[in-house]
Amino acid sequence: MVLAVLCSSFLASSPVWEPDKPLVPWFVPRNASLGVFINPPMVSPHLRLGWEAAILSQPRNELVWLFMLGTGGGVGVPRPMVTHWQHTALVGFGYRSDHPVFHWGFHFVAGPLWYQATYLPGAFNKDESRVLFYIEGRLQAGIRLAPHFRLAAYFGYASPFVFSVQFPGNTFVGGIDTGLVLDWR
């Protein structure tokens, strides 16, 4: 809701809308995604904000760089774990293709992920708070609601590069990833 109000205020303050220019200034995110990591028996709803800029742009195709910030929390964590949180900052490249109604694209991003896992008092495992190198890829497809607005569903996979047996919380980082993206480039 706050994001919608913020975007609306930038749009209202703009004197003239120009189709070739972005709707919002560079410091405002270009997209938001709400998704869920599926990593049985746990799922982890998460929110991501993303900034994009074109590296190479053609009328229907764009090669873009991306910067994403996100956070998520585990639901249905396995006992003796009590909580599981994931926070990340990612950078990478992607491709976007826009047609009159249809939109699709993909991206690959990587960066640090900080996860925290807490356990029941007296459990064999100790609480974890670690930073891992992490990579994710997504494929998205959807519709253009307006020239600068897209709504898409996405499917992907995310994983840390190294799993450690001595830290069981890292086995629940990432996983199959699915959700929705709202893009207002």
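To keep things clear, this report deals only with the structure shown in the data block. (Residues numbered from 1 in each chain as written. Predicted model: local features only at pLDDT ≥ 70, side-chain atom pairs only at ≥ 80, totals over all residues. Heavy atoms only, no water.)

**Considering unusual backbone geometry**
Cis geometry marks the peptide bond from proline 40 to proline 41, where omega comes out at 10 degrees. Checked against the element boundaries, proline 41 lands in the loop between β1 (31-39) and β2 (42-57). For the peptide bond that leads from arginine 79 to proline 80, omega is 15 degrees, which places it in the cis range. Its location among the elements puts proline 80 in the loop between β3 (61-73) and β4 (81-98). (Helix = DSSP H or I, 4+ residues; strand = E, 2+ residues; numbered from the N terminus.)

**What about the nonpolar core?**
Within the largest apolar cluster, 19 residues are counted, with the highest numbers of intra-cluster contacts made by Met81, Tyr115, Tyr134 and Val173. Every element with two or more residues in this core is listed here: β3, β4, β5 (102-119) and β6 (128-146). The element best represented in this core is β5, accounting for five residues. Residues contacting methionine 81, with those up to four places away along its chain left out, are Ala117, Thr118, Tyr119, Gly169 and Phe172. Counting five residues, the second-largest nonpolar core is a separate cluster that includes Leu23, Val28, Ala32 and Trp184. (Core = buried A, V, L, I, M, F, W, Y, C linked by side-chain atoms within 4.5 Å. Buried < 20%, exposed > 50% of the residue type's maximum accessible area, 1.4 Å probe, protein only. Contact = heavy atoms within 4.5 Å.)

**Focus: the pattern of salt bridges**
It is possible for side chains of opposite charge to pair when their charged atoms get near one another. If you walk through the whole model with that rule in mind, you get six salt bridges. The salt bridge involving arginine 96 is made with glutamate 52; its shortest N-O contact spans 2.8 Å. With a gap of 44 residues between them, arginine 96 in strand β4 and glutamate 52 in strand β2 connect regions that are remote in the sequence. Taking the shortest distance from any N to any O, the salt bridge between arginine 150 and aspartate 183 comes out at 3.7 Å. (Salt bridge = Lys/Arg side-chain N within 4 Å of Asp/Glu carboxyl O.)

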